[in-house]
Amino acid sequence: MPNPSCSFRRAGASRRLYFPTSICAGILLAGVLADRAAAQSFTAGDIVVSRSTYTGVSGSVPFPGTLPNGSASVADGSFPNVFNNETPDASFGITSPIFIDQLTPTGASTGVSINVTNLVQTQLGANLTTSFPSKSELGLSLTPDGTALTFMGYGAAANQLDVSNSNTPGHIDITNPINSQGVLSNQRDIAELSYQGNIQLTTTNAYSGNNGRNVVLGSNGNYYMVGNAGNNGKSLSFTSGAVTIASGSDEVTLSGSGKNTTANMYVGAPVSGTNIPTGAYVTSIVDQTHFLINANATGTASGAYVANEGAFQLTGVSFSNTSSTVTVADTSKLAAGMPLTGTNFAANSYIQSITDATHFVVNTLPTGSATGSSYVAAVSNSMLSDNTGVQMITKGTNDTTGSNVAAVTNSTAVGKVNGTYGSATGYQRGFTLSQVPGQTDDKSGKDNNYRGLTDYNNAVYVTKGSGGNGLDAVYQVNPNGGGYVAPGSSAGLATSATAGTASINPLPGWPTTSTGANEGATNGSTVYHPFGIWFANDTTLYVGDEGLAGSTNAAAGGLQKWSWNGTSQQWMLDYTLAASTIASYAVGGIGTLQAEGLRNITGKVNGDGTVTIYGITSTTGQTLNDEGADPNQLVSITDTLSTTSLPTGENFDVLETAADGDVLRGVSFAPSAVPEPGSMTLLFAGVALLGGYRRRRQA
C-alpha cells in the first residue's frame, strides 16, 4: 500500500479511501469552504436593509411625569403618540433595536433577519441600539473585501429616552438641556457585522450631543465616520411678572406659562436679576415651576430674570497671574475647551485641560488673582467643530475619556483648522462656508453637519443636506490639503499624520447657492438636500436627494444623476428621477403617505449597460408628529448608464414598505465570503485530481 497523506471513510462504507498529498489539499479546502458556506448568514448578490422596530410600551415614558429636559410629558410611551413629547422636549427620542434584513434583488424575503441588538448582547454582553425617530442613522456600508457590513449605533439599551442627544463620556456638556434630571452619557459605537453573523464594536466619543450616521472601513484599517455634534443650551429670559421670590429665600417660583418653566435647566446654571446676588446659580430643580439657588434673595422679584442655560457657574475659584492652574470646588461638570469669563481671566481664555477633581489649566495666564464674585465656564461651538463632521478611528481602538483639549479621545477630527478657536463663526474643520465665492463665515461647528458617506476609489466622499448653515452639497475629502482631485486619480485616505491637514471640498459644479441660509428664499436659488451617494464609475455619480416638503425652492427629491464634464472640469446635473412619481400608500392607522425623496442608496452596474439603484425613501403627506417615525419604503430603479437626458419609461419599483411601528434606514449588498487568494484554483485542481484518481481506480 502506498504511503498515504490522508484517508477518509464515507459514512456506512466498509473500507477507507487513501489519497496522496495532491488530492488531500483539494479535499480539505473543499471542506473548509463548505464549512464557510454553512456558517454564512448572508447570500452574495442579495440586498440587506437596516430596520428598527418601536418596542416601547406605555410605561416607557412617565405620564404624567417629567422628561429628561425637565418638561412635563404630554403622552406616555404608546406608539405613535409618544412622539408628541417632542413639543415640550425638542431632543425627545427613544432607543429601539436594530435589525438587518436580507432580501432578494427583487425585494422578496429570504427569511434572514438578524436582531443585531440581541446579537451584541449575546456575543459581547453589550448594548447597541438606534434612536427610533432619527432618520439619518443606520447607513450601511460594505467593508473593502465585501465580507462585512459597517454601521453606527448607541451603547444604550432599548427604550431609553433622549439618547440621540446625550453626551458622550469624553465630551460632557453640562449645558445640554437633557441633563436636567442628571447627566445623560452614551458612547457612539461602530458595529461591524460579518457574513457569518459575528459582530464586533469599536466605541467612540464622537458626536456628543447628537448622532453618528454613517461609517466606512478604509483599506488602511481606519474607520471614517460622519455625523453631527452639539446640543448646548442657551440663555433664557423669564418675562417680567413671571418670577416670584421672597426676600431672604433661596426658592424661585415661575409662572409656568410659555417658557417660564424649569425646562432645559440644570444644576449649576447661572441666574441673574433684581435682588439676586452676583454669582448665584441653580442648586436644585424642585419641579416644573420651582428651583433653588445657592444664595438668598436680597428682596422681592422685579422685572425680567435670566437663567444662563449655556454656561456653568464656577465656585471656590482661586488663581494667580503666575500660574495657569486654576483651583475650583469641582471639575466634574467641566470640559476642555470651555470659554472662561470673570475678573482677571484674559480675553479668549478657555480650559486647556482638566488636571484633577479640583484643578484645571487655562490656556492663557490670568492677568491677576481671583478677586471677582462671579466666574463662569460656558460652551463654545468651537468645541463642537472638533467633535463633529468627518471623524477617524482605528478599527478595534476603543475611545476612552480624556481631559486635554487637543486629545480628548482616540477618534480624530479629519479636516484642517479654519478660523480661530473660540470664535462664534468660522471655526470649522476641513471646510468653511467662506471658501465659497460670495459667502462669509458661518456659525462655528455647523458647516460640517455631514450625513451621507462612501469610499470610492480609495477616497472618502460625504454629503451635507440639512441644517440652517453651510453649503448643502457633495464633498470630497483630500488628505493632502489641496483642492478637488479630478476623476481618474484618487485623493487617498486620511491617516493620523494627515487628518489635521485634510481639506474637504465641494464637488466643482455643485450650485454654490445651495446654502442653509437660502432655504425658502425667493432669490432664485435652488437648495439641494443630498443624502446617499453611489459612483457607477469615475465620471457618473448618483445622489439620493431627500427633498424638503414645504420649501418653496427645494430641489425635487429623488435620484439625481451627475456626470463629469472633462472640458469644463465640473460635475453637471443630468436629470432627476423624482420620488414623487412613486404611488402614495397608507400603513395601519397612519394617513396617506408619499415618498418625498431618497436617503441612503446603493447600486450595481449591470452587464447590459444599465445600472440598478436601491434607495430608502423619505416621506411627506399625513406624517406622524416626527416624520422620521413614518413607515417608509425600499425602492429600486434601473437607469441606462450612458443616458444624459431625462429618460421616459424608467419607474421606481417599491420592493418593501415598512410596517406600522417600523422604519427602514440603510441599504447595501449583502456581505459574503471571499476565498483565500488562489484557493478557488486549488479547489478546482483538487476536485479534478480527485475525479481522475477515482477513474484510475475504477479502470
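As a starting point, this report considers the structure included with it. Remember, predicted model here, so these are calculated numbers, not experimental data. (Residues numbered from 1 in each chain as written. Predicted model: local features only at pLDDT ≥ 70, side-chain atom pairs only at ≥ 80, totals over all residues. Heavy atoms only, no water.)

Scanning the model with the defined rule gives eleven salt bridges in all. The partner of Asp472 in a salt bridge is Lys464, with the nearest N and O atoms 2.8 Å apart. Its relative accessible area of 0% is what places Asp472 among the buried residues. With a shortest N-O distance of 2.8 Å, Arg599 and Glu627 are connected by a salt bridge. Pair noted here: Arg599 is in strand β40 (residues 592-605) and Glu627 is in the loop between β41 (610-621) and β42 (633-640), with a separation of 28 residues, a long-range link. A relative accessible area of 2% places Arg599 in the buried class. Connected through shared salt-bridge partners, Lys135, Arg451, Glu546, Arg599 and Glu627 make up one network. (Salt bridge = Lys/Arg side-chain N within 4 Å of Asp/Glu carboxyl O. Buried < 20%, exposed > 50% of the residue type's maximum accessible area, 1.4 Å probe, protein only. Helix = DSSP H or I, 4+ residues; strand = E, 2+ residues; numbered from the N terminus.)

Here we take up the sheet that holds strand β22 (residues 325-327). The three strands lie next to each other as β22-β25-β24, forming an open sheet whose pairing is antiparallel. Sheet topology places β22 and β24 (351-356) at the edges, where each strand pairs with a single neighbour. Here the strands of the sheet are splayed against their neighbours by 30 degrees on average, with no regard to which way each runs. Where β22 and strand β25 (residues 359-362) come together, three bridges link them in antiparallel fashion. Bridged to Thr327 within β25 is His359. (Pairing = 2+ DSSP bridges. Axes fitted to C-alpha atoms, helices over the stretch in contact; angles between N-to-C directions.)

Tracing the backbone through its elements, the reader meets Gly279 in the loop between β17 (271-273) and β18 (282-287). Measuring from C-alpha to C-alpha, the distance between Gly279 and Gly372 comes to 9.3 Å, with 93 residues separating the pair along the chain. In this structure, Gly279 is in contact with Asn294, Gln313, Ser373 and Ser374, ignoring residues within four places of it in sequence. (Contact = heavy atoms within 4.5 Å.)

Here we come to unusual backbone geometry. That bond from Phe63 to Pro64 is cis: its omega, -5 degrees, falls within 30 degrees of zero. Cis geometry marks the peptide bond from Phe79 to Pro80, where omega comes out at 5 degrees. Turning to its location among the elements, Pro80 is positioned in the loop between β3 (47-53) and β4 (95-96). Even without being glycine, Asn264 reaches a positive phi, approximately 70 degrees. Residue position: Asn264 is located in the loop between β16 (251-254) and β17. Among the residues examined, Asn264 registers a relative accessible area of 27% and is labelled partly exposed. Residues other than glycine seldom take positive phi values, yet Asn348 does so here, at roughly 65 degrees.

Moving on, we come to the side chain of Gln594. Along the chain, Gln594 falls in strand β40. Only 3.5 Å separates the side chain of Gln594 from the backbone oxygen of Ser580, close enough to count as a polar contact. Those residues within four positions of Gln594 in sequence are excluded, and the remaining contacts are Ala579, Ser580, Ile582, Ala583, Ser584, Tyr585, Ser618, Thr619 and Thr620. (Polar contact = N/O pair within 3.5 Å; in protein donor to acceptor, adjacent residues only side chain to side chain.)

A separate point is the sheet that holds strand β9 (residues 148-154). Sheet architecture is open: four strands sit in the order β8-β9-β10-β11, paired in antiparallel fashion. Two strands in the sheet have a free side with no partner beyond their single neighbour: β8 (141-142) and β11 (199-204). Strand direction decides the pairing type here: β8 and β9, joined by two bridges, are antiparallel. Paired with Leu142 across the two strands is Leu149, which belongs to β9. Its contacts with the sheet put helix α2 (residues 116-124) on β9, β10 (188-194) and β11, and the angle it makes with β11 is roughly 90 degrees.

With that out of the way, let us pick up the side chain of Asn228. Positionally, Asn228 belongs in the loop between β13 (222-227) and β14 (235-238). Classification of Asn228 as buried rests on a relative accessible area of 6%.

All right, on to the packing of aromatic side chains then. Evaluated as defined, the whole model comprises 24 aromatic pairs. Judged by centre distance (5.6 Å) and plane angle (75 degrees), the ring pair of Tyr54 and Phe132 falls under edge-to-face. With a gap of 78 residues between them, Tyr54 in the loop between β3 and β4 and Phe132 in the loop between β7 (130-131) and β8 connect regions that are remote in the sequence. Neither residue differs from the other here; Tyr54 and Phe132 are each classed as buried. Ring centres of Tyr421 and Tyr427 lie 5.3 Å apart, and the angle between their planes is 80 degrees; this geometry places the pair in the edge-to-face category. No difference in accessibility class separates Tyr421 from Tyr427, as the two residues are buried. Each member of the aromatic cluster is reached from another via a ring pair, and the members are Tyr456, Tyr461, Tyr484, Phe535, Trp564 and Trp571. In this structure, Arg51 is placed above the aromatic ring of Phe99, and the distance from its NZ or CZ to the ring centre is 4.4 Å. (Phe/Tyr/Trp six-rings, centres within 6.5 Å; stacked < 30°, edge-to-face > 60°. Lys NZ or Arg CZ within 6 Å of the ring centre and 35° of its normal.)

Taking burial as the measure, the twelve residues of β41 include eleven buried ones, the bulk of the element. By the bridge criterion, ten bridges tie β40 to β41 in an arrangement that is antiparallel. What sits directly across from Ala595, in β41, is Thr619. Connecting the antiparallel pair β40 and β41 is a turn made up of four residues, with Gly609 showing a positive phi of about 90 degrees. Inspection of the sheet shows β41 paired to β42 by seven bridges, in the antiparallel sense. Across the sheet, the residue bridging to Val611 is Asp639, located in β42.

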